[in-house]
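Remarks on the overall topology
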Amino acid sequence: DAVGLVLFQTFAKFVGNEKNVEKVTVALFGFLLDFAFIFAGSFFLGIASGVGAGFLLKRLDMRNTAMLELSLFLLVMYLPFFFAEIFQLSGIVTILFTGISAKRYAVPNLSTSTETQADILFRVTAHLAETSIFLELGLSVFGISSFGNFH
């Protein structure tokens, strides 16, 4: 899904340059360069965020304040998405690699109760998001048949 979004963003810049072979070649090179830049930038931002979160949680020992520790962990996990969008990178690719590196470096520095609570919170949030998407897609079928409107 994340690579598909990056491809869509780069293909959107490619549309409209098909009139001249030279323009197509330049646009194709720009496409490849843009795709590589967006993916590599998102990858490095995600890895740096996960490693930085691990370092921050290792230095700030908040095992006695579970709510503060959980709040900081959630903030540090979702903040890279906003930075990626500001830098016009892929937020989803950034979050993917933030999660991978945070699982390795940040989660071992959490207390066991905060780790359990964070896991439950992420699972509930993912379930609610998936349910809302499936409801939207399922109910949109009724919008197709009514007067040709798709909402």
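A tally of regular secondary structure across the protein chain gives five helices and zero strands. For the protein chain, the sequential pattern of α-helices and β-strands runs α-α-α-α-α. Counting all 151 residues of the protein chain, 27% fall into the buried class. Put simply, 68% of the contacts in the protein chain that link residues at least 6 apart link residues at least 24 apart. With an accessible surface of roughly 10500 Å², the protein chain has 72% of that area assigned to carbon and sulfur atoms.

Glancing now at the packing of helix α3 (residues 66-86) against helix α4 (residues 91-105). Interaxial distance between α3 and α4 falls to 8 Å at its minimum, and their mutual angle equals 150 degrees. Between α3 and α4, the interaxial angle falls into the category roughly antiparallel. As for how α3 packs across α4, the hand of that crossing is right-handed. Residue-level inspection shows Met 77, Tyr 78, Pro 80, Phe 81, Ala 84 and Glu 85 of α3 in contact with α4, the latter providing Gly 91, Ile 92, Thr 94, Ile 95, Thr 98 and Ala 102. Class assignment for the residues of the contact of α3 with α4 results in eight nonpolar, three polar and one charged.

Summarising the element assignment, Thr 94 is placed in helix α4. A polar contact is formed between the side chain of Thr 94 and the backbone oxygen of Ser 90, at a distance of 2.8 Å.

Per the stated rule, a full pass over the model turns up two salt bridges. We note a salt bridge from Asp 61 to Arg 63, for which the minimum N-O separation is 3.3 Å. For Asp 61, a relative accessible area of 61% puts it in the exposed group. In this structure, Asp 119 engages Arg 123 in a salt bridge whose closest nitrogen and oxygen atoms are separated by 3.2 Å. Of this pair, Asp 119 and Arg 123 both sit in helix α5 (residues 112-145), four residues apart, roughly one helical turn. Looking at Asp 119, the relative accessible area reads 37%, which means it is partly exposed.

The subject of this paragraph is the packing of aromatic side chains. On inspection of all chains with the given rule, the structure shows seven aromatic pairs. Centroid distance Phe 35 to Phe 39: 6.2 Å. Interplanar angle 20 degrees. Geometry classified as stacked. On the criterion of helical spacing, the pair formed by Phe 35 and Phe 39 is a turn pair, its members being four residues apart in helix α2 (residues 21-59). The exposure class of Phe 35 is partly exposed, given its relative accessible area of 23%. A centroid spacing of 5.1 Å and a plane angle of 70 degrees characterise the contact between Phe 43 and Phe 44, whose relative ring orientation is edge-to-face. Phe 43 sits in the partly exposed class, given a relative accessible area of 28%.

Each value, and the rule that gives it
- Residues numbered from 1 in each chain as written.
- Predicted model: local features only at pLDDT ≥ 70, side-chain atom pairs only at ≥ 80, totals over all residues.
- Heavy atoms only, no water.
- Helix = DSSP H or I, 4+ residues; strand = E, 2+ residues; numbered from the N terminus.
- Buried < 20%, exposed > 50% of the residue type's maximum accessible area, 1.4 Å probe, protein only.
- Contact = heavy atoms within 4.5 Å.
- Areas by Shrake-Rupley, 256 points an atom, 1.4 Å probe, with all protein chains shown as cover.
- Axes fitted to C-alpha atoms, helices over the stretch in contact; angles between N-to-C directions.
- Parallel < 35°, antiparallel > 145°, perpendicular 65-115°, else oblique.
- Left-handed = near helix turned anticlockwise from the far one by under 90°.
- Nonpolar A, V, L, I, M, F, W, Y, C, P; charged D, E, K, R; others polar.
- Polar contact = N/O pair within 3.5 Å; in protein donor to acceptor, adjacent residues only side chain to side chain.
- Salt bridge = Lys/Arg side-chain N within 4 Å of Asp/Glu carboxyl O.
- Phe/Tyr/Trp six-rings, centres within 6.5 Å; stacked < 30°, edge-to-face > 60°.

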